[in-house]
Amino acid sequence: MKKKVWLDIGIAIIFLLAQIMVFRHLDLFGVQADVVFIFLLWMMSCRSRSYTLVFAAFSSLLLDILLDTWGLHLFAKTLTVMLAYNVINSVSESILQSGKVFTVTFLAALLYYLIFLTMAVFAGKYVFELFFLKHWIGNSLYTAIIASLLYMLKP
């Protein structure tokens, strides 16, 4: 395997551990950021579609195993990568400012959480009420804020 693949596997594991050990406990008003999704957005911007899909499936499956969510992350993240790859890849070709990063991440997170929460409602994990809107908008906003902060911290 190439060095790039091992580096991406290591980064994916670091983001998974950060999600499990840090960001699950950093909730604001009951909403949480998904840093594994931020990692996949970064992969969509600089890697090929099939490579990103493999990493989306790998990282989502590990997240489902660790969080006991029965494939919800696997379905939602891989479908989001399939639907949003061309848009994210074309937007990333231009030089992004943090406002653009926030907007693109927020819109992609809205799509991801819409898929995730819809599947969770059908699976009986959540109830379709104000809870749905709170987590759909709140998680997307929180994820976009974290992504913008991470983008500003990059060298």
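Before reading further, recall that the structure is shown in the block above.
Residues numbered from 1 in each chain as written. Predicted model: local features only at pLDDT ≥ 70, side-chain atom pairs only at ≥ 80, totals over all residues. Heavy atoms only, no water.

> Break down the packing of aromatic side chains for me, with residues and values.
Under the criterion given, the structure shown has 8 aromatic pairs. Ring centres of Phe 102 and Phe 106 lie 6.1 Å apart, and the angle between their planes is 5 degrees; this geometry places the pair in the stacked category. Pair noted here: Phe 102 and Phe 106 are both in helix H5 (residues 98-123), with a separation of 4 residues, about one helical turn. Take Phe 106: its relative accessible area is 18%, and that puts it in the buried class. Among the aromatic residues, those joined into a cluster by ring pairs are Phe 37, Tyr 112, Tyr 113 and Phe 116. Its guanidinium or amino end placed over the ring of Tyr 51, Lys 4 lies 5.2 Å from that ring's centre, counting from NZ or CZ. (Phe/Tyr/Trp six-rings, centres within 6.5 Å; stacked < 30°, edge-to-face > 60°. Helix = DSSP H or I, 4+ residues; strand = E, 2+ residues; numbered from the N terminus. Buried < 20%, exposed > 50% of the residue type's maximum accessible area, 1.4 Å probe, protein only. Lys NZ or Arg CZ within 6 Å of the ring centre and 35° of its normal.)

> Kindly report on the pattern of salt bridges, identifying the contributing residues and their values.
Inspection of every chain in the model, using the stated rule, returns 2 salt bridges. Note that Lys 77 is salt-bridged to Asp 34, the shortest N-O span being 2.9 Å. Placement of Lys 77 in helix H4 (residues 72-92) and of Asp 34 in the loop between helix H1 (3-23) and helix H2 (35-46) is noted, with a sequence separation of 43 residues between them. We note that Lys 77, like Asp 34, is buried. (Salt bridge = Lys/Arg side-chain N within 4 Å of Asp/Glu carboxyl O.)

> Outline the side chain of Thr 78, supporting the account with residue identities and numerical values.
Its location among the elements puts Thr 78 in helix H4. Here Leu 74 takes part through its backbone oxygen, which lies 2.6 Å from a polar atom of the side chain of Thr 78. Ignoring anything within four residues of it in the chain, the contact list for Thr 78 reads Leu 53, Ala 56, Ala 57 and His 73. (Polar contact = N/O pair within 3.5 Å; in protein donor to acceptor, adjacent residues only side chain to side chain. Contact = heavy atoms within 4.5 Å.)

> How would you summarise the environment of Val 81 if you had to cite specific residues and measurements?
Mapped onto the elements of the fold, Val 81 is located in helix H4. With relative accessibility at 1%, the residue Val 81 sits in the buried group. Leaving out residues up to four positions away in the same chain, Val 81 has contacts with Met 44, Arg 49, Thr 52, Leu 53 and Ala 56.

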